[in-house]
Amino acid sequence: MSLRTLILLALVALTIGWCVTLAPDAPVAVAGTSVQCPPPPRVVSGDAPLQSPVPTGFRDIRLAPATLQPLAGFSVEARVLSREDYRLGRESDLSPTDLALGWGRMRDDTVLAHLDIDQSNRWYHYRWQGAPPIPVDEIVRSSANMHMIPSSDVVAKELARVRKGDRVRIEGWLVEADAPDGWRWRSSLTREDSGSGACEVVYVCGITRQ
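One structure accompanies this document, and this report is about it.

What counts, and where the lines are drawn
- Residues numbered from 1 in each chain as written.
- Predicted model: local features only at pLDDT ≥ 70, side-chain atom pairs only at ≥ 80, totals over all residues.
- Heavy atoms only, no water.
- Phe/Tyr/Trp six-rings, centres within 6.5 Å; stacked < 30°, edge-to-face > 60°.
- Buried < 20%, exposed > 50% of the residue type's maximum accessible area, 1.4 Å probe, protein only.
- Helix = DSSP H or I, 4+ residues; strand = E, 2+ residues; numbered from the N terminus.
- Contact = heavy atoms within 4.5 Å.
- Polar contact = N/O pair within 3.5 Å; in protein donor to acceptor, adjacent residues only side chain to side chain.
- Salt bridge = Lys/Arg side-chain N within 4 Å of Asp/Glu carboxyl O.
- Pairing = 2+ DSSP bridges.

### Describing the packing of aromatic side chains
Working step 1: A full pass over the atoms with the stated rule returns four aromatic pairs.
Working step 2: When the centroid spacing of 6.4 Å and the interplanar angle of 15 degrees are considered together, the rings of Y126 and W128 count as stacked.
Working step 3: Ring geometry for W183 and W185: centres 6.2 Å apart, planes at 40 degrees, overall tilted. Residue W183 shares its accessibility class with W185, and that shared class is buried.
Working step 4: Site record: aromatic cluster; members linked through ring pairs are Y124, Y126 and W128.

In structure tokens form, the structure reads like this:
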């Protein structure tokens, strides 16, 4: 191989590396789908969930059941308080699993020992006897039911492994799902709410158990 050819190959390799370095948030292509999932900023370990602005140029995510409009970046490190899988209902076409997640003192065994937690019908419920172990507004701010929309088969398989009690880190995007017939499913954009409409709808780019 000539010296000129070697120099040309080296320049090509440098150009490819330069392009990858300049575009770390490029859409992730998944075989057989039209999925994009650039990771949002990551929450610092131990902090409350991090919500971040949608970057300019982030396109809507077109899936068969509905188009997802990104509303905010989302990163959370939390304990799984409960898990519920769904096969019925229109939402299950997008989100087969809900995770009730807790952070802050809602990760502590001493607090959770005094709470009865379960899920049903896409809701997360907590109960106690006597006085609550921590103030109720802190329970609201430090936990939530989240509808998980996996971005790929790899994410779906990792989500299937998650169990109650696991510590997980999840990165993705809070979204609004809009179907052609007018059906809509919109994520909450605050951790301060409770009741109807308070759940997060999360398009999950990555999930890891810790």
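Next comes the rest of the description.
### Some words on the environment of Q51
Working step 1: By the element assignment, Q51 lies in strand β1 (residues 50-52).
Working step 2: If near-sequence neighbours (up to four positions away) are discounted, Q51 is found in contact with A72, G73, L174, L189, T190 and R191.
Working step 3: Polar contacts involving the side chain of Q51 include one to the main-chain carbonyl oxygen of L189, which spans 3.2 Å.
Working step 4: At 3.0 Å, the side chain of Q51 forms a polar contact with the side chain of R191.

### As for the pattern of salt bridges
Working step 1: Considering all chains together, one arrives at 17 salt bridges under this definition.
Working step 2: One salt bridge connects D98 with R122, and the closest N-O pair in it is separated by 2.5 Å. Note that D98 is positioned in strand β4 (residues 97-102) and R122 in the loop between β5 (116-120) and β6 (123-127), a separation of 24 residues in sequence.
Working step 3: Judged by its relative accessible area of 12%, R122 is buried.
Working step 4: Measuring nitrogen to oxygen at the nearest pair gives 3.2 Å for the salt bridge that ties R184 to E176.
Working step 5: R184 sits in the exposed class, given a relative accessible area of 56%.
Working step 6: Judged by relative accessible area, which is 5%, E176 ranks as buried.
Working step 7: The network of salt bridges with shared partners includes R42, E77, R169 and E171.

### Quick notes on the pairing of strand β10 (residues 200-209)
Working step 1: Where burial is concerned, most of β10 is hidden: seven out of the ten residues are buried.
Working step 2: Where strand β7 (residues 143-150) and β10 come together, five bridges link them in parallel fashion. Residue pairing for β10: M148 is matched across the bridge by V202.
Working step 3: Both strand β8 (residues 167-178) and β10 contribute to a ladder of seven bridges, which runs antiparallel. In the strand pairing of β10, L174 is matched with V202.

### Considerations on the side chain of S52
Working step 1: For S52, the location among the structural elements is in strand β1.
Working step 2: By relative accessible area, which is 10% here, S52 ends up buried.
Working step 3: Each residue touching S52, except ones within four places of it in the same chain, is listed here: P40, P41, A72 and G73.

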